[in-house]
Amino acid sequence: MSAALLASSCASVPAKVAPATTAPATTSQGLVAVPAHAVPTQSGLLPFEQVLAQSDVAPDPALRFGRLDNGLAFVIRRNATPQGTAEVRLRYDVGSLDEAGDEQGFAHFVEHMAFNGSTNVPEGEMIALLERKGLQFGADTNASTGLEATTYKLSLPKADAELLDTALMLMRETASELTFARAAVEREKGVVLSERRDSYTYNYADMVDRFAFESPGLRVADRLPIGTAETISAATAKALRAFWTRSYRPDHAVLTVVGDYQPEEVEAAIRKHFANWKAQTPTVPERQYGTIDPARKPAVDIHIHPALPERISATREGEAQLEPDTIASRRTQVLRWLGYAVINRRLMRLARQEDPPFKSAGIGTGDQFRVGRITRLIVDTPEGGWKRGIDAAVGEYRRALAGGFSEAEIAEQLGKLIAIYEDAAAGEATRTNREVTDDVLNLFDEGAIPDLPSATLASLLPLRDTATPAAVLAALNEEALPLDNAMLRYSGRAEPKGGATAIRAAWDAAMKAPLAAIAPPETGAFAYTDFGKPGTVAADRRDPVFGIREVTFANNVRLNIKQTDLETDNVLVRVSVDGGQLLATREDPLAVELVPSIPAGGLGEHSADDLDSILAGRNVGVGLAPSGDAFVSTRGTTPRDLEMQLRLVTAFLTDPGWRPEAVSAYRRGLPDRFARLEATSGASIGTHQFEIISDEDPRYTMHPLAVYEDLDFATYRPQVLDRFAKGAIEIGIVGDIAEDQAIALVVRTLGALPMREPAFLDRPAARQRTFTERRGPVFVRHGGEPDQAMIRAFFPTTDDSDPLLTAQLELLEKVGQVVLNDELREKLGQAYSPDVSSSMSRTYPGFGFFTVTVGVEFEKLSASLAAIHAAMAELRDAPVSADLLTRAREPLLDQYDNTLKRNAGWLGLVDRAQTQADRLERFKAYRSRTEAISAQDLQAVARKWLPDGGALEIIAIPKDAVSPVIGK
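Conventions and cut-offs
Residues numbered from 1 in each chain as written. Predicted model: local features only at pLDDT ≥ 70, side-chain atom pairs only at ≥ 80, totals over all residues. Heavy atoms only, no water. Buried < 20%, exposed > 50% of the residue type's maximum accessible area, 1.4 Å probe, protein only. Helix = DSSP H or I, 4+ residues; strand = E, 2+ residues; numbered from the N terminus. Pairing = 2+ DSSP bridges. Lys, Arg positive; Asp, Glu negative; His and termini not counted. Salt bridge = Lys/Arg side-chain N within 4 Å of Asp/Glu carboxyl O. Polar contact = N/O pair within 3.5 Å; in protein donor to acceptor, adjacent residues only side chain to side chain. Contact = heavy atoms within 4.5 Å. Phe/Tyr/Trp six-rings, centres within 6.5 Å; stacked < 30°, edge-to-face > 60°. Lys NZ or Arg CZ within 6 Å of the ring centre and 35° of its normal. Domains from an automatic or database assignment. Buried area = accessible area lost by both parts, 1.4 Å probe. Nonpolar A, V, L, I, M, F, W, Y, C, P; charged D, E, K, R; others polar. Core = buried A, V, L, I, M, F, W, Y, C linked by side-chain atoms within 4.5 Å. Axes fitted to C-alpha atoms, helices over the stretch in contact; angles between N-to-C directions. Parallel < 35°, antiparallel > 145°, perpendicular 65-115°, else oblique. UniProt positions renumbered as here; feature names shortened; annotations may be inferred.

**Student:** Describe the pairing of strand 23 (residues 952-958), naming the residues involved and giving the relevant values.
**Tutor:** Of all the seven residues making up strand 23, seven are buried; the element is thus mostly covered by neighbouring parts of the structure. Pairing analysis gives seven bridges linking strand 19 (residues 776-782) to strand 23, with the strands arranged parallel. Pairing of G776 across the sheet is with L952, part of strand 23. In this sheet, strand 23 lies alongside strand 20 (residues 788-796) in antiparallel orientation, the contact comprising five bridges. Within strand 23, the residue paired with R792 across the bridge is I954.

Put into structure tokens, the structure is as follows:
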């Protein structure tokens, strides 16, 4: 695993695995005895038995590994987070890189067909079967196809034997029982083509061009999983079956079950379902990755699209550096990571200046499968600023390689990394099923052993003594490829002045420019430790429904606490301060636009950049977002860092820095933001929908670019500071923290502030929000592909003040989702991912809407809209069937049952438990209320809120298309 990959995954350390029941068997010569039916992976990884045996990393002892006589590998672990649930995965060692030229897209197409008929499950029944058992399509039932693997995923909301048996039965169906009926293939072909159409955006085209330029010898650019329209259209049932027959084989598959089951029971169930699975072909073609060319001559690529932000990337490919996952190799990877991290920290410091040379920049080295490696320096610049960006970024890159790093820089980054591992180790007892599953699958993806976080931490602590600047620089130079003769790629909205010649000349000049010595700034201690006389508790009660402790301090600050043991060493904190979106009015619609930028301005005593260094190694941070009637800051932390988190939030409320670099950063992002507003069908609807719904209410309307460019802290500072100084505050704390300890920490921070207002202000005028009287189609334009269109139908509803109506519309949403999936996706093959949603406001009285969103082919717009109308009529004209109601309701109820098994679920109740106390009783009664809703109730709700002709239909069509004439 490369240092760049480690940097992105260090929060969940790659676990290293060994059999839980026994160590790998060895011969008399001490060699690992690998079963005859165990074969290397298509990527060249050894069988997992050998991977485990050649590593000195101790595996998670709770993992149970095994292999059936047919070659199927399995990994089982009992895990109870969330309690009473499980995750099941079946990973096949086949991806789009295994396709021949005329098979492009077949691996992904076969994945689709796994849900469309098998020996024991008729077409259309797999999803329905799982829905009846509480699994929601998409969220709990899904699959993914990548370049190297296809993985089927089931998230079991209940860990009972019957559901496990069903899950394994369905997984086995994908392995050997798919039918590939000709009619089913033709129907699903439309769905796959729809997915390809919807995914083909300017970002996708940019990615394809980047792959083709950076690695022309690899087969990535012409083997992306979605395939081509031509090969998908030409796919036949016979051809798909042939690909599946040769690719889905037990010796190229691994099955994982992680959850609240006894491992012995799971293994027995696996053997029951999979022991008689046999490969259907004697061999499988060897995967062809292509090649890399370390001696490739320097080249320049320019890729232009009106929505792309400006970027310069410099790359160089080299030979792979393959090594087994061992303690020594991990330490080396961390040394490399530290080198990249210090350079990236320097680049971040430059980006935070008031007039920075670039918006952001970064460097790293990553694997090119197991074929090679690639070093990338990426520089994102304001439009036209690419040369200045190159000069600055290349200067930092060269300065690091020439002068190395300081001890203080290494200590800062190592402190951050060790803190991440410490947090992971402290919480390892309650790692989630998905986290454990991901670690296990990484063994088969990358050869990374899934060990315990505590073991990884122990193995890395010696780096505190050995990670010297010299050692870090040496490790970095061993991996990073020189960029002197880099491949240079420019992407952006306009051709760079001087073209490719100018880009190469600028790069060459930057690589030769004199280097000035720059010392990193020194930072002191956090200045905010005393907020005045500690507060006192004025009221202290316990909610009788959920046991939430509700405290009010003498200064009117409210605190709600729920101590849990759900996630060891994890604490969630949410601070809500009066104001939020209600400060935005028709007269001043952008009053809170800059609030999210306040943290980038730092504090009065510390810049944002200083805070990064001062707080290195602490799990703290502040974000601010206007939400409803409050400014909200939410953060996950640990018990040991909770006090610092509360200090930090209190400091931002009492002494925000208002530095100009924050506004500068906001303004630099505006051109890119505006370039994307109508770049795709979804973006165009997102840009215009609330303007249309509100009849151009300025609070929900995009204004000219110049209006945003003129925004400044000075204009809104008094209004925001008034709320920060006086507004009501409510704090929610959930997790592994004693109640009295949390109270004591708040007493010294937010509880010590001067007197606050006792309640969140009502602001009735600001709460007025209306829905237009317009109905029928309204067209907006997008700059995407000419065959792309999107429909979003809005039915006005109301606010969420009626708990029963809220539940009814939520259940109707799920019913509508099932109906549209069945009709538009499964039967008609017109859409890949139709979406139904009910949104009922808590902030704006009487305001809400029910939406149906479908990405469609432009030429089939009228037919798709007619299908939506027919689906809504189906909901109005008759009560839905008992089976359909079950398929919609069971996932909703299981989701409810599992909500309070995670801290995040509790936070949704705790954060405003005093000022929005009705939510507690509503949540308690949700299950019984939802169970009581009948099909006749839903029909009545549909008739009232989804009337024929009652929708505003916002339709995004290509910018050059003629507006179609659409009948009812």
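**Student:** Explain the pairing of strand 15 (residues 571-578) to me, and be specific about the residues and the numbers.
**Tutor:** The element strand 15 is largely enclosed, with a buried count of seven among its eight residues. The pairing of strand 15 with strand 17 (residues 630-637) spans eight bridges and is classified as antiparallel. By the bridge assignment, V573 is partnered in strand 17 with R635. Direction of pairing for strand 15 relative to strand 18 (residues 729-735): antiparallel, over a ladder of seven bridges. From the neighbouring strand, R574 faces strand 18, where its bridge partner is G732.

**Student:** Hey, could you go over the side chain of E99 for me, with residue numbers and the actual values?
**Tutor:** You can see E99 is positioned in the loop between strand 3 (86-92) and helix 3 (106-113). Buried charge E99 goes without a salt bridge, the closest partner of opposite sign being R223 at 5.0 Å. There is a polar contact of 2.9 Å between the side chain of E99 and the backbone nitrogen of A107. For E99, the residues in contact, after removing those within four places along its chain, are Q104, G105, F106, A107, H108, R219, R223 and F243.

**Student:** Go over the environment of A229, please, and point to the residues and values.
**Tutor:** Inspection of the secondary structure puts A229 in helix 8 (residues 229-234). Taking C-alpha positions, A229 is 6.7 Å from L193, a pair spaced 36 residues apart along the chain. For A229, the contacting residues outside a window of four places in its chain are L193 and R196.

**Student:** Go over the packing of aromatic side chains, please, and point to the residues and values.
**Tutor:** According to the stated counting rule, one finds 24 aromatic pairs in the structure shown. An angle of 70° between the planes, with centres 6.3 Å apart, marks the rings of Y152 and Y248 as edge-to-face. Taken together, the residues span a long stretch of sequence, with Y152 in strand 5 (residues 150-156) and Y248 in the loop between helix 9 (237-247) and strand 6 (253-259) at a distance of 96 residues. One exposure class covers both Y152 and Y248, and it is buried. Connected via pairs of aromatic rings, a cluster forms that spans Y92, F115, F137, Y152, Y248, F274 and W277. The ring of F213 carries R296 above its face, with NZ or CZ at 5.1 Å from the centroid.

**Student:** Account for the domain arrangement of the protein chain, with residues named and values stated.
**Tutor:** Under the domain assignment used here, the protein chain contains domain 1 (67-275), domain 2 (300-431 + 444-511), domain 3 (537-766) and domain 4 (769-907 + 914-958). On the side of domain 3, 23 residues touch domain 2, which itself brings 24 residues to the contact. Where domain 2 abuts domain 3, roughly 1,800 Å² becomes buried across the two surfaces, and 46% of that area is made up of carbon and sulfur atoms. Taken together, domain 2 and domain 3 are joined by seven salt bridges. The partner of R493 in a salt bridge is D672, and the shortest N-O contact between them spans 2.8 Å. Mapped by element, the contributors of at least two residues to the side of domain 2 that touches domain 3 are helix 11 (327-351) and helix 13 (407-426). If one sorts the elements of the side of domain 2 that touches domain 3 by residue count, helix 13 sits on top with seven residues. Looking at the side of domain 2 that touches domain 3 residue by residue, the class counts come to 10 nonpolar, four polar and 10 charged.

**Student:** Give a description of the nonpolar core that names residues and reports values.
**Tutor:** The nonpolar side chains of a soluble globular protein tend to be buried, and buried together. With 60 residues, the main nonpolar core has L812, V815, V852, L861 and L875 as its most contacted residues. Among the elements that make up this core, the one with the highest residue count is helix 26 (residues 803-827) (10 residues). A domain-level breakdown of this core finds at least three residues from each of domain 3 (537-766) and domain 4 (769-907 + 914-958). Apart from residues no more than four positions distant in its own chain, L861 is found in contact with F779, A789, I791, V856, I955, I957, P964 and I966. In terms of nonpolar packing, the next biggest core, distinct from the first, is built from 58 residues, F553, V663, V720 and I729 among them.

**Student:** Can you tell me about the sheet that holds strand 14 (residues 558-563), naming the residues and giving the values?
**Tutor:** In space, the seven strands of this open sheet follow the order 12-13-14-18-15-17-16, with mixed pairing throughout. Whereas interior strands pair on both sides, the edge strands pair on one side only; in this sheet they are strand 12 (537-542) and strand 16 (625-627). Across the sheet, the mean angle separating the axes of adjacent strands is 20° when strand polarity is ignored.

**Student:** How would you summarise the sheet that holds strand 8 (residues 311-319) if you had to cite specific residues and measurements?
**Tutor:** Pairing is mixed across the open sheet formed by five strands, whose spatial order is 7-11-8-10-9. Among the strands making up the open sheet, the edge pair consists of strand 7 (300-304) and strand 9 (360-368). For this sheet the average axis-to-axis angle between neighbouring strands, irrespective of direction, equals 15°. In this sheet, strand 10 (residues 372-380) lies alongside strand 8 in antiparallel orientation, the contact comprising nine bridges.

**Student:** Please set out unusual backbone geometry residue by residue, giving values where relevant.
**Tutor:** With the exception of glycine, the majority of residues adopt a negative phi angle, and the majority of peptide bonds are in the trans configuration. Omega for the bond connecting T81 with P82 falls within 30 degrees of zero, at -5°, which places this linkage in the cis form. Positionally, P82 belongs in the loop between strand 2 (73-78) and strand 3. Its identity as a non-glycine residue notwithstanding, D569 has a phi of 65°, on the positive side. In this structure, D569 sits in the loop between strand 14 and strand 15. On the basis of relative accessibility, which here comes to 13%, the residue D569 falls in the buried class.

**Student:** Any chance you could break down the packing of helix 11 against helix 17 (residues 469-479) for me, citing the residues and the numbers?
**Tutor:** At their nearest, the axes of helix 11 and helix 17 sit 8 Å apart, and the two run at 95° to each other. It follows from the interaxial angle that helix 11 and helix 17 lie roughly perpendicular. Contact residues: helix 11 offers T332, L335, R336, L338, G339, Y340 and I343, while helix 17 offers A471, V472, A475, L476, E478 and E479. Across the contact of helix 11 with helix 17, the residue classes tally to eight nonpolar, two polar and three charged.

**Student:** Let's hear about the environment of K416: which residues, and what values?
**Tutor:** Considering the arrangement of structural elements, one finds K416 in helix 13. Its relative accessible area of 24% is what places K416 among the partly exposed residues. A C-alpha to C-alpha distance of 8.9 Å links K416 and L615, two positions 199 residues apart in sequence. Among all residues touching K416, those that are not within four sequence positions of it are R345, D612, A616 and G617.

**Student:** Tell me about the UniProt feature "domain: Peptidase M16 C-terminal" (unreviewed entry) in the protein chain, and please be specific about residues and values.
**Tutor:** When the UniProt feature table is mapped to this numbering, "domain: Peptidase M16 C-terminal" (unreviewed entry) covers residues 235-412 and 728-890. Annotation note: span residues 235-412, helix share 40%, strand share 22%, distance between end C-alpha atoms 55 Å.

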